[in-house]
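# Report on the structure
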Amino acid sequence: MTARKSGSRLETEIERCRSECQWDKIPELVRQLSAKLISNDDLGELLLGECKLQTYLKENPLKQGASPRGPRPKLVEVRKHLTAALDRGNLKADYLQEASLLMAKLCYVEGEYRDALGHYGKVSLDEMQLVGAPVYRLSMIAEAYATKGLCLEKVPAASPTSDREQEIITCYEKSGDIALLYLQEAEKALSAGIQNRSPKPGPTSQDIELGYFLETGLQRAHVIHFKNGNLTRGVGRFREILRAVESRTTQSLRMTIARQLAEILLRGMCEQSYWSPLEDPPTVSPLDDPTRQGHVLSKNYSLSRRPRVYSGENLFCPQENTEEALLLLLISESMANRDAVLSRIPEHNNDRIISLQSASVVYDLLTIALGRRGQYEMLSECLERAMKFAFEEFHLWYQLALSLMAAGKSARAVKVLKECIRLKPDEPTIPLLAVKLCVGPLHWLDEGESFAKMVIDMGEKAAEFRAKGYLAVGLVYSLKATDASLRSTQEEYQRKALGAFQRAQSLSPTDHLAAFYLALQLAVSRQIPEALGYVRQALQLQGDDVHSLHLLALLLSAQKHYHDALNIIEMALSEYPENFNLLYTKVKLESMCRGPEEALLTCKHMLQIWKSFYNLTNPSDSGRGSSLLDRAITDRRQLNAMTLPDFSDPETGSVHATSIAASRVEQALSEVASSLQSSAPKQGPLHPWMTLAQIWLHAAEVYISMSKPAEAAACTQEASNLFPTSHNVLYMRGQIAELRGNMDEAKRWYEEALSINPTHVKSMQRLGLILHQLQRYSLSEKVLRDAVQVNSTAHDVWNSLGEVLQAQGNTAAATECFITALELEASSPILPFTIIPRAL
């Protein structure tokens, strides 16, 4: 009785060691087993053969695609043990099957593939029970199916048929399913064993190794499917593995499979060919090779016991390919972050490199998936999590910088680009990207100048980008000239800008941008004939460049060729019908050439474009705004609310530092004012709403030119509903008050506009004139001189200053102002040249 209990405990311990792959303990247990005479030596032979075979494979791991190994001295002992166990025939049926499986495995390792298949034919793998089988036997069966599949691939068939291919794939799929079941059961048993024993560290706490055969069973089936052009079945196999309840051993494999499936979904599957993971795959799919359509498409086997899968009522299931790919990549990213090897010690160098490469692939795929949908905000957040990998890794830093740029986080993007420059100091495109941000949304001109000079200082290393460096520094100087408050400073920066643009143009004579910006700078400096020559050169290089066409029109208007300018604008609009800067200029030119009614028609057209182009809703739309323009237009249509694009001030341009500051003040005050009103707040990005407001203000200006204050006031109210504290809105209210003859009210509106934007030249000029009418000459002169400091090319301000000086009896100074006004007016465009954006 005691011997039986002891034997039972011993067999249980043997089973546990086999399940947990603790082969070093098996010989001692076999010795105890033989000493107690509980069983014959055949079981001992089986166990010794198994442990020696597994130990050999652990010390000499097989590799994918390895050639036959042939007999090995250590394997001779394995064959001796297994042959003894099989030949005597004293083993129980289950152990006899195990011995045959081990012998077949040995034959494969030695390259005897036909012999291995012969052993599998004797065993009848499909009849081996999975229900109630010990954990270690699940592993043996899974390995047996994988080994059989490998042997079938190695042994050429008499005639290749789809049945043979189906048999191979079935072997691998069965192996993979049973392997998942084994790993789930082994982990459960391991956890239970640890809980039952005293909690002390030991080998039982280690993760189970997957091994060559189990890994082959899990990965080989989908490889064959994809090789055969059967994408549908390959995707289905991926999903089956991923739906199985996870174990620690399969985490790395799951991350690899999730990443591979995501790549297939992004690259090889469109929305029309997608099917949900919970649906049956289509029987005919455009994803598959048409010559093999229907071959090996669906499973033709069943198992008595399958691995557990995730199930429940509230599980998320993706409904389209990008959604599933993104889910897979986010799961892969979380696993990559969790398993990151960050140690810099030499021993961990290889692991760290592998960890980095794995994570980089995931983040590159995330970039593709999120970039397609324009989700740059989310992408930048994902890449920020990658920074734990990014020490001295240029690729991840650069990806983060680009995502921050695309997400509109310009200030942070510049900081990241500085790190990229440190990592690759000889790469000219990186500082050029930083300049692009500095001269564009940030208006950090000093920083932009330093980045541009980095490219110039590279010399010949920068190659063709050196011209871009001069172009960038020229833009910085041009913008600094616009910002400068002293005329001497403005002229100095304009001179530097012209020199930089001329250098860029000489280095890259075929670059239309160099010729265009040189023309624009000459135009701003009022060198109109020279500017015309270079803008024509830019158009010869790039005939459809919208900014060059716009500049040509403005230059023609500066020469008072208004009809020619209007023809150029209409030609440009035929190519760029939704460009609002062109449409603003068209309104001005039409008012002069064809009358205000035509200009109002264009304003209404702009509203229609705005509505179709932006899918936003005007919060102040009361139904009346859409009919304002219809009073002067016979074609009456209902216009709903809309939204707009351009951030720039159509009169002064958006690049001026003070106008940027003013726009931010306006935004903050408008948000406060909107919160105090009963109307719903604006939704969506800011600059579309600013464009809408500008359209209404242009319409108001046309109505003022028609001496219709009521209609102008209604249009201004529409703009005010969007931005109640905009200096442009307040200025327009002052214009309307002047039209009605209420000078005190007009003065108040202009003063309020200047309190928001102290450098708004138009408000300063009108305020100066009102003060002149009120005979407050000294204050009027002060305001107008300040306006001249802000914009020394505003001819109407010079003219008003001359009138004030003349009223004060300063005839000589007044005459000089009038002459300056006449000279400037002779070269004054219909709208300032700075309406054209200056950006790299």
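Residues numbered from 1 in each chain as written. Predicted model: local features only at pLDDT ≥ 70, side-chain atom pairs only at ≥ 80, totals over all residues. Heavy atoms only, no water.

Identification of the chain as Tetratricopeptide repeat protein 7B from Takifugu rubripes is taken from an unreviewed UniProt entry.

## Describing the overall build of the chain
Using the following cut-off: Here a strand is any run of E in DSSP of at least two residues, a helix any run of H or I of at least four, and the numbering for each starts at the N terminus. A simple rule labels every residue: compare its accessible area, found with a 1.4 Å probe on the protein chains alone, to the largest value its type can have, and call it buried under 20%, exposed over 50%, or partly exposed in between. Contacts are assigned to residue pairs that have any heavy atoms within 4.5 Å of one another. Only the protein chains shown count as cover for residues, and the accessible areas themselves come from Shrake-Rupley with a 1.4 Å probe.
Helix and strand content of the chain: 35 helices and zero strands. Every one of the 840 residues in the chain was classed for burial, and the buried ones make up 53%. Here the analysis covers contacts within the chain between residues at least 6 apart in sequence; of these, 68% occur between residues at least 24 apart. For the chain, the exposed area adds up to about 38100 Å²; of that, 52% sits on carbon and sulfur atoms.

## Describing the pattern of salt bridges
The condition is simple: Here, a salt bridge means any side-chain nitrogen of Lys or Arg that lies within 4 Å of a carboxyl oxygen of Asp or Glu.
All chains considered together, the criterion is met by 45 salt bridges. For Arg-233, the salt bridge identified is with Glu-173, shortest N-O distance 3.2 Å. Linking Arg-233 in helix H10 (residues 231–243) with Glu-173 in helix H8 (residues 162–196), this pair joins segments that are 60 residues apart in sequence. Judged by relative accessible area, Arg-233 falls into the buried class, the value being 7%. What makes Glu-173 buried here is its relative accessible area of 3%. One salt bridge connects Glu-384 with Arg-412, and the closest N-O pair in it is separated by 2.6 Å. Highlighted residues: Glu-384 in helix H14 (residues 376–385) and Arg-412 in helix H16 (residues 410–423), separated in sequence by 28 residues. Members of the salt-bridge network, linked through shared partners, are Glu-173, Asp-177, Arg-233, Arg-237, Glu-240 and Arg-306.

## Section: the nonpolar core
Heads up, the rule is: What is meant by a nonpolar core is a set of buried Ala, Val, Leu, Ile, Met, Phe, Trp, Tyr and Cys residues, joined one to another through side-chain atoms within 4.5 Å. Domains are outlined according to an automatic or database domain assignment.
Membership of the largest hydrophobic core comes to 223 residues, with the highest contact counts inside it found for Tyr-363, Leu-551, Leu-555, Phe-580 and Phe-833. Ranked by the residues each element gives to this core, the list is headed by helix H28 (residues 686–705), at twelve residues. Mapped onto the domain boundaries, this core takes at least three residues apiece from domain 1 (3–192) and domain 2 (717–835). Counting residues in hydrophobic clusters, the runner-up holds 29 residues, among them Leu-730, Ala-737, Leu-767 and Trp-798.

## So, helix H23 (residues 546–558)
Heads up, the condition is: Given the number of residues in a helix, its expected span is that number minus one, multiplied by 1.5 Å.
Its 13 residues give H23 an end-to-end C-alpha distance of 18 Å, which sits within 8% of 18 Å, the value for a rise of 1.5 Å per residue. Most of H23 sits inside the fold, with twelve of its 13 residues counted as buried. Looking one or two residues beyond H23, the residue adopting positive phi is Lys-560, at roughly 70 degrees.

## Considerations on the environment of Ala-794
Structurally, Ala-794 is set in the loop between helix H33 (777–790) and helix H34 (795–807). The spacing of Ala-794 and Lys-762 is 32 residues in sequence and 9.2 Å in space, taken between C-alpha atoms. With residues up to four places along the chain from it excluded, the contact list for Ala-794 reads Val-761 and Leu-824.

## Considerations on helix H29 (residues 709–722)
Here H29 is 14 residues long and its end C-alpha atoms lie 20 Å apart, about the 20 Å a rise of 1.5 Å per residue gives. Buried within H29 are the following residues: Glu-711, Ala-712, Ala-714, Cys-715, Thr-716, Glu-718, Ala-719, Ser-720, Asn-721 and Leu-722.

## Quick notes on the packing of helix H5 (residues 93–109) against helix H6 (residues 113–123)
This is how it is decided: Here the axes come from fitting lines to C-alpha atoms, over the contacting stretch only for helices, and the angles between their N-to-C directions go from 0 to 180 degrees. Each angle gets one of four labels, with under 35 degrees taken as roughly parallel, over 145 as roughly antiparallel, 65 to 115 as roughly perpendicular, and the rest as oblique. By convention the crossing between two helices is left-handed if the near helix lies anticlockwise of the far one by an angle smaller than a right angle, and right-handed if it lies clockwise.
H6 packs onto H5 with a crossing angle of 165 degrees between their chain directions and a minimal axis gap of 7 Å. Compared by their axis directions, H5 and H6 come out roughly antiparallel. The handedness of the crossing between H5 and H6 comes out as left-handed. Here H5 contributes Gln-97, Ser-100, Leu-101, Met-103, Ala-104, Lys-105, Cys-107 and Tyr-108 to the contact with H6, which in turn contributes Tyr-113, Asp-115, Ala-116, His-119, Tyr-120 and Val-123.

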